[in-house]
Amino acid sequence: TMELLMALVPVSGPAVEPVSLAEAKAHLRVTGAAEDLLVASLVTAARVHIELTLSRAFITQGWSWFIDAWPAGATLPLPLSPVQSIGAIRVLAAGDEIVTLPPSAYLLDGAAQPSRVIAKSGSWRDGTPAPAYAANGIEIQLIAGYGPLPSDVPQPIRQAILLLAAHWFERREAVEIGQPSLPLPVMVGDLLSPFREVRL
């Protein structure tokens, strides 16, 4: 299979974090507001780190994914899971015409890991206009995430975010560039293992 060169661009971020400031402070046994900014930033950093590690989106968020060419065959794996909906698939075609594919031309399998879009014609290359340029000629707008609420995110992921934020909170010593850093807690990996993409 051909590896697609791509660019993934955030359009709208999550409205909330999967773990609230109050939950994180309770987990850390932190009282008072002196370290609220630090705790909140560590929760965000932990969420982003785990999302990138798993190629997943947790709370509902919007992305534009740009690719250079259509894949061979009918299946186009998406870079994030789960995908709730496809906003649009657009091609910058010959003559700088932007062609928006009709939703009837494709099928979203958003719950798959990885999520995927399937061309109903049987092949992306046969059933759609070719991009006019060598780079980023195809844009796929997608809405990804488990849902808009923290409770929509699986509990093991929320627990892993808490553990990772706590790990960073408790170990704030400077690390010299080039020196090994402290390993992440094994329990974080254990909690996330069911959500990792299985490659056959």
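Residues numbered from 1 in each chain as written. Predicted model: local features only at pLDDT ≥ 70, side-chain atom pairs only at ≥ 80, totals over all residues. Heavy atoms only, no water.

## Quick word on the overall build of the protein
Test applied: Secondary structure elements follow DSSP: runs of H or I of four or more residues count as helices, runs of E of two or more count as strands, with numbering from the N terminus. The rule is simple: take the accessible area with a 1.4 Å probe, protein chains only, and divide by the maximum for that residue type; under 20% is buried, over 50% is exposed, in between is partly exposed. Residues are treated as being in contact if the distance between any of their heavy atoms lies within 4.5 Å. Computed with the Shrake-Rupley method and a 1.4 Å probe, the accessible areas treat only the protein chains shown as cover for residues.
Each helix and strand counted, the protein has five helices and eight strands in total. From first element to last, N terminus to C terminus, the protein shows the α and β order β-α-α-β-β-β-β-β-β-α-β-α-α. Taken over 200 residues, the protein has a buried fraction of 39%. Counting only contacts in the protein whose residues sit at least 6 apart along the sequence, the fraction spanning at least 24 positions is 78%. Counting every atom, the protein has about 11000 Å² of accessible surface; 60% of that belongs to carbon and sulfur.

## Describing the nonpolar core
We apply this condition: Put simply, a nonpolar core is a bunch of buried Ala, Val, Leu, Ile, Met, Phe, Trp, Tyr and Cys residues held in one set by side-chain atoms that sit within 4.5 Å of each other.
Judged by nonpolar contacts, the single largest core of 25 residues is most densely connected at I50, F58, I157, I161 and L192. Contributing elements (two or more residues each) for this core: α1 (21–28), α2 (36–54), α4 (155–170) and α5 (186–192). With near-sequence residues (within four places) excluded, I161 lies in contact with P18, V19, V43, A46, R47, I50 and F58. If you look at the next biggest cluster of nonpolar residues, it comprises 21 residues, including A57, L78, V91 and W124.

## Some thoughts on the environment of V117
By secondary structure assignment, the location of V117 is in strand β7 (residues 116–119). Spatially, the C-alpha atom of V117 lies 6.5 Å from that of P77, the residues being 40 residues apart in sequence. Apart from the residues lying within four places of it in its own chain, the contact partners of V117 are A74, T75, L76, L78, I86, I89, Y106, L107, L108 and W124.

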